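Notes for the structure review
Each chain is listed here by its residues.
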Amino acid sequence: MTAYPKSAALMARGAAFLGSEHAILCGAMSWVSERNLVSAISNAGGFGVIACGAMTPDLLDAEITATRGLTDRPFGVNLITMHPMLFDLIAVTARHGVSHVVLAGGIPPKGSIEAIKAFGAKVVVFAPTIALARKLFRSGADALVIEGSEAGGHIGPVSTGVLAQEFLPALADEHIVFVAGGIGRGEAMAGYLEMGAAGVQLGTRFAAAAESIAHPDFKKAFFRANARDAIASVQVDPRLPVIPVRALKNKGTEEFTAKQIEVAQAIDAGTLDMTAAQLEIEHFWAGALRRAVIDGDVEHGSVMAGQSVGLVTAELPVATIIANLLGECETALDKRLQFA
Ligand SMILES: Cc1cc2nc3c(=O)[nH]c(=O)nc-3n(C[C@H](O)[C@H](O)[C@H](O)COP(=O)(O)O)c2cc1C
């Protein structure tokens, strides 16, 4: 018997799909979502996802093995579609019999969904439009995450509230759709679940959890920040293929502007083409995020955080965060029913 019967009923499809107790995913966060946080999330009844980021196949192999050593519950692996060794990374997940692979960062390249499904794993994708989502479902994707611009990390231009109103009525009856971006409390979960979401994905709320290996200064920056401090990066040159990143404003924000000018000048000089320019920008972010998360350089590093950072005020164990979310969600659903 669950302590959260209404929430459980609304999350039943999502939980069955994930094989977890609750349909609450901790979205992959590069450098943060490694064995400790991922296993803690899954052990607490949520669904952890390893962030492969720029890892080599060998590193991913070691991370999956280590995570398996810490939990016997299901967890996923998030692969970035533009990774030059994407198919080798898929082969690693296949060797381990990983149950869920999340393809992030762009449209899945030809053959990638098929390669994952070939070893029996479920494929989770992102899509910025309903048309693309339908196409990916037709290509074999099993679930979709819609992620609004309130989120931390790389973001699209549309808010979660609007994406939910567009995508959920169109897709949620037939397909598994998880909602991400800006969720900090259970009341917001309740709203999206009632709209048809199969579950929710959070990142910012978990990044500063007790089990997260993020540097204490990274966590302190989260506790101090307000929603308005988590700002989206600006694109200084319209030619540059810069995907905006939401992070806490600091000196690194200005350094990114300088980096873009440097890359634009290299394009003008003919020493970089557009693909190389995009890779250079992505390497900048990967390095800057590592500096903040691992080294604790919260001035010059990239403290990626969503607007829900204003709701993160203390270092709590993952199990407490999940229990709080579910308690708030259940209370919100109870209140609604009182007036029904
Ligand atoms: C520090 C940080 C790093 C992230 N890195 C990744 C990543 O490597 N791959 C990815 O698909 N999403 C990444 N995200 C997005 C999360 O997986 C998640 O979808 C997002 O945080 C949800 O929105 P929220 O931050 O408002 O909870 C990152 C988010 C943060 C805060």
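What counts as what
- Residues numbered from 1 in each chain as written.
- Predicted model: local features only at pLDDT ≥ 70, side-chain atom pairs only at ≥ 80, totals over all residues.
- Heavy atoms only, no water.
- Helix = DSSP H or I, 4+ residues; strand = E, 2+ residues; numbered from the N terminus.
- Buried < 20%, exposed > 50% of the residue type's maximum accessible area, 1.4 Å probe, protein only.
- Expected span 1.5 Å × (residues − 1).
- Arc of directions from axis to C-beta.
- Polar contact = N/O pair within 3.5 Å; in protein donor to acceptor, adjacent residues only side chain to side chain.
- Phe/Tyr/Trp six-rings, centres within 6.5 Å; stacked < 30°, edge-to-face > 60°.
- Contact = heavy atoms within 4.5 Å.
- Patch = residues over 30% accessible without salt bridge, like charges linked within 9 Å, V, L, I, M, F, W, Y side chains within 5 Å.
- Areas by Shrake-Rupley, 256 points an atom, 1.4 Å probe, with all protein chains shown as cover.
- Salt bridge = Lys/Arg side-chain N within 4 Å of Asp/Glu carboxyl O.
- Core = buried A, V, L, I, M, F, W, Y, C linked by side-chain atoms within 4.5 Å.
- Axes fitted to C-alpha atoms, helices over the stretch in contact; angles between N-to-C directions.
- Parallel < 35°, antiparallel > 145°, perpendicular 65-115°, else oblique.
- Left-handed = near helix turned anticlockwise from the far one by under 90°.
- Near = heavy atom within 4 Å.
- Nonpolar A, V, L, I, M, F, W, Y, C, P; charged D, E, K, R; others polar.
- Pairing = 2+ DSSP bridges.

Let us now look at the side chain of S149. For S149, the location among the structural elements is in the loop between β6 (143-147) and β7 (153-154). A relative accessible area of 13% places S149 in the buried class.

Time to look at helix α12 (residues 274-293). Here α12 is 20 residues long and its end C-alpha atoms lie 29 Å apart, about the 28 Å a rise of 1.5 Å per residue gives. Those residues of α12 that sit buried are A277, I281, E282, F284, W285, A288, L289, A292 and V293. For α12, the arc enclosing every buried residue in end-on projection is 145 degrees, short of the 170-degree limit, so these residues lie on one face. Among the exposed residues of α12, those pointing more than 90 degrees away from its buried face are T275 and H283. Among the residues of α12, the N-terminal cap falls to D273, whose side-chain oxygen and the backbone nitrogen of T275 are separated by 3.3 Å.

Next up on the list: the packing of aromatic side chains. By the definition in use, this model includes 5 aromatic pairs. Judged by centre distance (5.4 Å) and plane angle (40 degrees), the rings of F256 and F284 are tilted. In this pair, F256 sits in helix α11 (residues 251-268) while F284 sits in helix α12, placing the two residues 28 residues apart along the sequence. We note that F256, like F284, is buried.

All right, on to helix α7 (residues 160-171) then. Counted at 1.5 Å a residue, the expected span for α7 with its 12 residues is 16 Å, and the 15 Å between its end C-alpha atoms agrees. Buried within α7 are the following residues: T160, L163, A164, F167, L168 and L171. Buried residues along α7 cover an arc of 100 degrees about the axis, so they all sit on one side. Seen from the buried face of α7, the exposed residues on the opposite side, beyond 90 degrees, are Q165 and P169. Lining the buried residues of α7 we find α6 (130-138), β6, β8 (176-180) and α8 (186-194).

A grouping of W31, I213 and I294 is seen on the molecular surface, where their side chains present a nonpolar patch of about 240 Å² in accessible area. In this structure, I213 sits in the loop between α9 (204-207) and α10 (216-224). A relative accessible area of 37% places I213 in the partly exposed class.

This part takes up the nonpolar core. I24, L60, L79, L144, F178, M189 and F206 are the most contacted members of the largest nonpolar core, which totals 110 residues. Aside from chain neighbours lying at most four places away, what touches L79 is C52, L60, L86, L89, I90, V101, V102, L103 and A104.

Our focus in this paragraph is the packing of helix α3 (residues 57-70) against helix α4 (residues 86-96). α4 packs onto α3 with a crossing angle of 25 degrees between their chain directions and a minimal axis gap of 9 Å. Here α3 is positioned roughly parallel relative to α4, judged by the angle of their axes. When the axes of α3 and α4 are compared, the crossing they make is right-handed. Contacts between α3 and α4 involve P57, L60, D61, I64, T65 and R68 from the first element and D88, L89, V92, T93, R95 and H96 from the second.

Another aspect to go through is the site of the ligand. In the vicinity of the ligand there are 16 residues, among which A28, S30, E147, G182 and T204 approach most closely. At 3.1 Å, a backbone N or O of G152 approaches an oxygen atom of the ligand. Note that an oxygen atom of the ligand is positioned 2.8 Å from one of the side-chain N or O atoms of Q201. In terms of residue class, the shell around the ligand is made up of 6 nonpolar, 9 polar and 1 charged.

What follows deals with the sheet that holds strand β10 (residues 230-232). What holds strands together in a sheet is hydrogen bonding between their backbones, with the strands either parallel or antiparallel. Strand order across the open sheet formed by 3 strands is β7-β11-β10, with antiparallel pairing between neighbours. Each of the sheet's edge strands pairs with one partner strand only, and the pair in question is β7 and β10. Relative to strand β11 (residues 245-248), β7 runs antiparallel, the two being bridged by 2 bridges. Across the sheet, H154 pairs through a bridge with V245, a residue of β11.

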